[in-house]
Amino acid sequence: AAQAAPPGDKDVIANLWSWNWNSVARECSGHLGPAGYGGVQVSPPQDSLTRGGAVWWDVYQPADYTLTSKFGNESQFAAMVRTCHDAGLKVYADAVINHMTGQGSTSYGGRSFGKYNYPGLYSANDFHYYSEDCGNSDNLIHDGDYGGSARNVQNCELVGLSDLETEEEYVRGAIAGYLNRLVALGVDGFRIDAAKHTNPGDLGNIYGRVSGSPYIYQEVIYGGGEAVQPGQYTGIGDVLEFQYGRYLREKFYGNIADLRTFGETWGGMQPGGKSVTFVANHDTERGTTALSYKDGAAYRLANLFQLAWNYGTPQVYDGFTWSDREAGPPHSGGFVTDAVCGSGWECLHRDAAITGMVGFHNAVKGSAVANWSAPNANVIAFSRGAKGWITINNGTGSYAGTFATGLPAGTYTNVTGGGTVTVNASGQAAVSVPAKGSIAIVAGATSSQAPVTFNVNAS
Ligand code: ARE
Ligand code: CA
């Protein structure tokens, strides 16, 4: 089977992490489709360890490949895929295939299991622990191993999770069988969890057994000097670009004027055409190296920048509101309850400025960055060819100035917040950009049209 099929013309992915299937379906038809998103990433759909709703991370411990999970059952999953397809979205599933559980004994689907023993699926000989010396006597991956050898990183256990022997025929077939089961339900691609911990040769073999042309993007966190690097995986799929969010945090707490050259030439970054970008994900929002919703306006502006900039396939992340970094999402009896925006759930993907920029992103595709301007360390502006123009003010006071927009003369709607912008015959606009605010305009979206009609990608 082919892999890494491009995500298509509408490529913005909403990452609805920890949302249950019924809520994802509702969001696809009610918000994501109309706003012009092209895909939705959903949480791991396989059965897993249950910690009864107390933590979010139990779902990263597969107990079986059947599809009763914390987020719903198989028929709810299948209905969600159909609804999202009908709304014009592709569905990408988080695929946890490097390992099985590291603890526990019962699952959301009501199964009993033990570490290295998953009745009807895997037994002891399917794990590195029993079949191969991973290189460490305790069989665990230690922090120092990342800068050491790929053998430790890929054959030892990530935080004690039973590591599958992915070089074995039976294991490859079982994993491919799981992915094919999802493809048969309509799934269009996969986020490959912990891909760094599986040999890329093994992954390539498994992907080759999957029907159709799923879009594959892999979690290979870049670390300077590490033995396993994202570039080792770009021949078999795309990669999640972790440097992207690290740099955005640094610049949005520093000098955003530095972003003029942001992209592949920056240390550790992959080619944009191989990268899925994000300002935050479920791991980074709980860490210190990236922005998160807790950063407020800077986080929102960084997301607007991501949708305007010409690099990678952008993801807009949305999980649940949290204070305890281990706590699970709102639930009933362990199973995730319907997402309510503003009440336990963050919903940046619905924000009017964000949806305006999803439309901008779709409209300017293929046009290079031009007309760069950075009058000070907190204010930047640029166009995408003659198709769209944006200015972002990360400062605490408004900024008034005149910019070259690259757009034809006209009166345009600000797609990030309403109001109008007049571009004169020489392509210039005199604007006042609000503190921690933005203005963006798109060729074709003039003020004679009601703003809602701007969402040209709705159908
Ligand atoms: C949980 C408990 C552990 C327990 C384990 C097994 O927290 O105490 O030992 O269960 O019983 C998530 C959580 C984990 C959780 C796990 C399973 O984050 O805490 O463990 O689920 O329930 C490395 C990997 C990268 C990985 C990160 C977390 O390379 O792939 O570590 N990220 C993914 C997911 C996580 C998920 C898993 C993988 C497992 O997105 O959410 O774990 O499925 C440097 C390196 C990175 C390294 C990083 C952290 O930056 O470059 O490669 O990331 O350090 O070590
Ligand atoms: Ca492994």
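First, a word on scope: everything that follows refers to the structure included in this document. (Residues numbered from 1 in each chain as written. Chains lettered and ligands numbered in written order. Predicted model: local features only at pLDDT ≥ 70, side-chain atom pairs only at ≥ 80, totals over all residues. Heavy atoms only, no water.)

Glancing now at the sheet that holds strand β8 (residues 313–318). Pairing in this closed barrel of 8 strands is parallel, and the strands run β1-β2-β3-β4-β5-β6-β7-β8 around the ring. Each neighbouring strand pair of the sheet contributes to a mean axis angle of 25 degrees, computed without reference to strand direction. Across 4 bridges, strand β3 (residues 90–95) lies against strand β4 (residues 189–192) in parallel orientation. Counted as the bridge partner of A93 is F190 from β4. (Pairing = 2+ DSSP bridges. Helix = DSSP H or I, 4+ residues; strand = E, 2+ residues; numbered from the N terminus. Axes fitted to C-alpha atoms, helices over the stretch in contact; angles between N-to-C directions.)

When two helices pack together, their arrangement is captured by the angle between the axes and the distance separating the axes. In the contact formed by helix α7 (residues 242–252) and helix α8 (residues 297–308), the axes pass within 11 Å of each other and the chain directions differ by 125 degrees. Comparing their axes, α8 and α7 come out oblique. In this structure, the crossing between α7 and α8 has a hand that is right-handed. Between α7, through Y244, L248 and F252, and α8, the contact on the second element is made entirely by A298, L301, A302, F305 and Q306. (Parallel < 35°, antiparallel > 145°, perpendicular 65-115°, else oblique. Left-handed = near helix turned anticlockwise from the far one by under 90°. Contact = heavy atoms within 4.5 Å.)

Note on metal sites: the ideal angle is 109.5 degrees for four tetrahedral donors, and 90 or 180 degrees for six octahedral donors. Every protein donor of the calcium ion (ligand 2) is accounted for by N98 (OD1), Q154 (O), D163 (OD), D163 (OD) and H197 (O), and the metal-donor separations fall at 2.3 to 2.6 Å. Each donor residue of the calcium ion (ligand 2) belongs to the same chain, and together they define the spacing N-x55-Q-x8-D-x33-H. One end of the pair, N98, is in the loop between β3 and α3 (128–131); the other, H197, is in the loop between β4 and α6 (200–207), and 99 residues separate them in sequence. (Donors = N, O, S within 2.8 Å, 3.2 Å for Na, K, Ca; no water.)

Okay, the packing of aromatic side chains next. For the structure on display, the rule yields 36 aromatic pairs. Pairing Y92 with Y215 gives two aromatic rings, centres 5.7 Å apart and planes at 65 degrees, and the pair type is edge-to-face. Here Y92, found in strand β3, pairs with Y215, found in strand β5 (residues 215–218); they are 123 residues apart in sequence, far enough to count as distant. Assigned by exposure class, Y92 and Y215 land together as buried. (Phe/Tyr/Trp six-rings, centres within 6.5 Å; stacked < 30°, edge-to-face > 60°. Buried < 20%, exposed > 50% of the residue type's maximum accessible area, 1.4 Å probe, protein only.)

Applying the stated criterion to the full structure yields 3 disulfides. Between the sulfur atoms of C134 and its disulfide mate C156 the distance is 2.0 Å. Residues C134 and C156 are joined by a disulfide whose S-S torsion is about 90 degrees; by sign, that bridge is right-handed. Here C134, found in the loop between α3 and α4 (150–155), pairs with C156, found in the loop between α4 and α5 (169–184); they are 22 residues apart in sequence, far enough to count as distant. By relative accessible area, which is 0% here, C134 ends up buried. (Disulfide = S-S within 2.5 Å.)

Within this structure, the stated rule accounts for 20 salt bridges. One salt bridge connects D11 with K365, and the closest N-O pair in it is separated by 3.0 Å. Taken as a pair, D11 in the segment before β1 (13–16) and K365 in the loop between α9 (352–364) and β11 (369–376) lie far apart in primary sequence, 354 residues in all. For D11, a relative accessible area of 7% translates into the label buried. Across the pair E226 and K196 runs a salt bridge, and its minimum N-O distance is 2.6 Å. Placement of E226 in the loop between β5 and β6 (238–240) and of K196 in the loop between β4 and α6 is noted, with a sequence separation of 30 residues between them. (Salt bridge = Lys/Arg side-chain N within 4 Å of Asp/Glu carboxyl O.)

Another point: the site of ligand 1. With respect to spatial proximity, 21 residues lie near ligand 1, and among them W57, K196, H197, E226 and D283 are the closest. Side-chain polar atom of D193 to an oxygen atom of ligand 1: 2.7 Å apart, as the coordinates give it. One of the side-chain N or O atoms of D283 is found 2.4 Å from an oxygen atom in ligand 1. Taken by itself ligand 1 offers 950 Å² of open surface, and the protein chains cover 74% of this. Its residues assigned to classes, the shell around ligand 1 shows 9 nonpolar, 6 polar and 6 charged. (Near = heavy atom within 4 Å. Polar contact = N/O pair within 3.5 Å; in protein donor to acceptor, adjacent residues only side chain to side chain. Areas by Shrake-Rupley, 256 points an atom, 1.4 Å probe, with all protein chains shown as cover. Nonpolar A, V, L, I, M, F, W, Y, C, P; charged D, E, K, R; others polar.)

Core analysis: the biggest nonpolar cluster contains 110 residues, and Y37, M80, Y122, F190, F252, F262 and F305 have the highest contact counts within it. Within the second largest apolar cluster, 13 residues are counted, among which are V379, W389, Y412 and V433. (Core = buried A, V, L, I, M, F, W, Y, C linked by side-chain atoms within 4.5 Å.)

Its place among the elements puts G33 in helix α1 (residues 21–35). Residue G33 is classed as buried on the basis of its relative accessible area of 2%. Through-space distance from the C-alpha of G33 to that of G88 is 5.9 Å; in sequence the pair is 55 residues apart.

By the secondary structure assignment, D193 is in the loop between β4 and α6. Residues in contact with D193, not counting those within four places in the same chain, are Y60, D94, A95, V96, H99 and E219.

Looking now at unusual backbone geometry. The backbone of Y116 shows a phi angle near 70 degrees, a positive value even though the residue is not glycine. Within the secondary structure, Y116 sits in the loop between β3 and α3. Judged by its relative accessible area of 9%, Y116 is buried. Positive phi, normally seen in glycine, also occurs at N139, with a value near 65 degrees. With respect to the element layout, N139 can be found in the loop between α3 and α4.

Another point: the pairing of β4. Going residue by residue along β4, you find G189 and R191 tucked away on one face and F190 and I192 tucked away on the opposite face as well. By the bridge criterion, 4 bridges tie β4 to β5 in an arrangement that is parallel. Across the sheet, I192 pairs through a bridge with Q218, a residue of β5. Where the polypeptide runs from β4 across α6 and back to β5, its parallel neighbour, the crossover connection is right-handed. (Right-handed = clockwise from strand over helix to strand, strands pointing away.)

Let's shift gears to the sheet that holds strand β18 (residues 437–442). What the 4 strands build is an open sheet, ordered β11-β12-β13-β18; its pairing is antiparallel. Strands at the two margins of the open sheet, each flanked by one partner only, are β11 and β18. Averaged over all pairs of adjacent strands, the angle between strand axes in this sheet comes to 10 degrees, irrespective of strand direction. As paired elements, strand β13 (residues 388–393) and β18 share 6 bridges and run antiparallel to each other. Residue pairing across strands places W389 opposite I441, the latter belonging to β18.

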